[in-house]
Amino acid sequence: MKEKRIEIGFILAGAIILCYMSFYNFFPLVYSDTADYLGGAFGHYIPFDRPVFYGLFMRFVSLQSSLWLVVFVQGLLMSYLLFETFGMFYQGNKRNMLFIFSIAVLTGTTGISHNVSILLPDIFSPIGILCFINVLLNNKLSAVRRILISLLLILCVLVHFSNMLVLFSIALLIGIYAIYKYFKKQQIAIKKRRLVTCFALVSSVFLIAPIGNYMFAKKFIMSEGAHVFIMNHLVETGILDEYLNNECGTTINCKMCQFKGKVDTNFIWAGNGAFAQLGGWQGSEDEFNRIIWDVVTTPKYERMLLQRCTDYSFMQYFMFSVPPNTNWGIPAYIKDHYKMYGRDFAGSMQSANRLDYSFINHVQFVLVIVSLAFLLFIVLSPSWFGKLGVELKWFTVLILVFSFVNASICANFSTLNERFQNRIIWLIPLTAFFIAEQFVSEYLASRNISNKP
């Protein structure tokens, strides 16, 4: 019982450290999208461009009274998942000390605290992959904790479309690898039952989300905005301009042709631009879907699309600065539903545009690049990679795959945005720490043995 109390104490301490940026700011960090999430939750409608579930999370966790509760619960969930993850590799006091040390270092050198402290679902991306890894690999979880982490994994997939696509893709890749090994009559060091469980948990959201949307707003749908984001990507990459220049007046005669050469790169939010004139989120679906299908099924555009998707994936991978917290003004729905916080926000560092992430961005960039180089060296060196335990091998590979899949899906199904990679990039130095600590511990142990008479 004493040991359990100590563990709870460390998890709570970790949560408080992770909330550092909100304390420093004197208020939870906000973003323009914060209002959209709360708007859907309080207004009983499903936003076109995002799930409603994070808004519902904020509404219920805050008890409709305190936004500080949202930040603290986000910090608590992140702290708990990190504690369970450390439990895969360490036990007892060593786990406790390395856990709290790592959280303190990550808070001071990466954007982890920013993502815990902001009223956005960004922190649920790293929580989601750590849930996935713990369900898949952690042999030290009790049945109750495994169920808890499984339910949390479902929540993580529900709150952001990118989490759904990223984790489903990773589950699918592991499944394909397992089938390949099966036909080669080779074993993989993952229990098949756990792999099936992970796949089922992530896939369940394709049913849970429409049911939840129907219960909430009488719409049995996943999303109404996928066609818009894909079209926006074609605009950003220049593929739509190429398509309209080549096809309008020859093979097609669509409404979009009237905007040939006039499509604003700020496609979705350009006021009375092409998107708005073609019907916006709902009225443009048929038109956009026809163009998208034509592009992805025409060889010359397929090659162009593959090249630009690759370009954007790599650009997004290394775009991981902590985004500047511009003074957005208090979002309307926070002011409406949390009236007492208007004055609090006005007194925050963010409101006065006094938050400066230039130093932490520089430190984080150096730390990530060095850590990534170290991880790639280890993974590509059979002699070094072979020294790692089975769990750490899989953990390392999964984090590397996750970081690239996250960049690829976010860049190509949404847009380039430093937020998308910043929210998960700190997992790279954390993984490097696990490996470096193992090598150092083994070296010190060997020195102690050799020094004994």
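The paragraphs below set out a description of the structure included in this document. From a predicted model like this one, the values you see are computed outputs, not experimental measurements.

Cut-offs used in this document
Residues numbered from 1 in each chain as written. Predicted model: local features only at pLDDT ≥ 70, side-chain atom pairs only at ≥ 80, totals over all residues. Heavy atoms only, no water. Disulfide = S-S within 2.5 Å. Buried < 20%, exposed > 50% of the residue type's maximum accessible area, 1.4 Å probe, protein only. Helix = DSSP H or I, 4+ residues; strand = E, 2+ residues; numbered from the N terminus. Contact = heavy atoms within 4.5 Å. Axes fitted to C-alpha atoms, helices over the stretch in contact; angles between N-to-C directions. Parallel < 35°, antiparallel > 145°, perpendicular 65-115°, else oblique. Left-handed = near helix turned anticlockwise from the far one by under 90°. Nonpolar A, V, L, I, M, F, W, Y, C, P; charged D, E, K, R; others polar. Phe/Tyr/Trp six-rings, centres within 6.5 Å; stacked < 30°, edge-to-face > 60°. Lys NZ or Arg CZ within 6 Å of the ring centre and 35° of its normal.

## Comments concerning the state of the cysteines
All told, the structure shown has one disulfide when counted by the stated rule. The disulfide partner of C248 is C257, and the S-S distance across this bridge is 2.1 Å. Handedness of the C248-C257 disulfide follows from its S-S torsion of about -90 degrees: it is left-handed. A relative accessible area of 11% means that C248 is categorised as buried. C198 takes part in no disulfide bond, and the closest cysteine sulfur to it belongs to C131, at a distance of 9.9 Å. Its sulfur unpaired, C410 is 13 Å from the next cysteine sulfur, which belongs to C309.

## A few points about the side chain of N134
Relative to the helices and strands, N134 resides in helix α8 (residues 124–137). Given the relative accessible area of 0%, N134 is considered buried. Apart from the residues within four sequence positions on either side, N134 is in contact with L81, E84, T85, M88, L141, R146 and I149.

## Here we look at the packing of helix α4 (residues 53–61) against helix α5 (residues 67–86)
Where α4 meets α5, the axes come as close as 8 Å, and the angle between the chain directions of the two elements is 110 degrees. Between α4 and α5, the interaxial angle falls into the category roughly perpendicular. The two elements α4 and α5 meet at a crossing, and its hand is right-handed. Contacts from Y54, F57, M58 and V61 of α4 reach α5 at L69, V70, V73 and Q74. Here the contact of α4 with α5 is built from residues that sort into seven nonpolar, one polar and no charged.

## Quick look at the packing of aromatic side chains
Counted according to the given criterion, the structure contains 31 aromatic pairs. Consider the rings of F101 and F433, whose centres lie 6.4 Å apart with planes at 40 degrees: the pair is tilted. Of this pair, F101 sits in helix α6 (residues 92–109) while F433 is found in helix α25 (residues 427–451), placing the two residues 332 residues apart along the sequence. A relative accessible area of 23% places F433 in the partly exposed class. The side chain of R50 reaches across the aromatic face of Y37, ending 4.9 Å from its centre.

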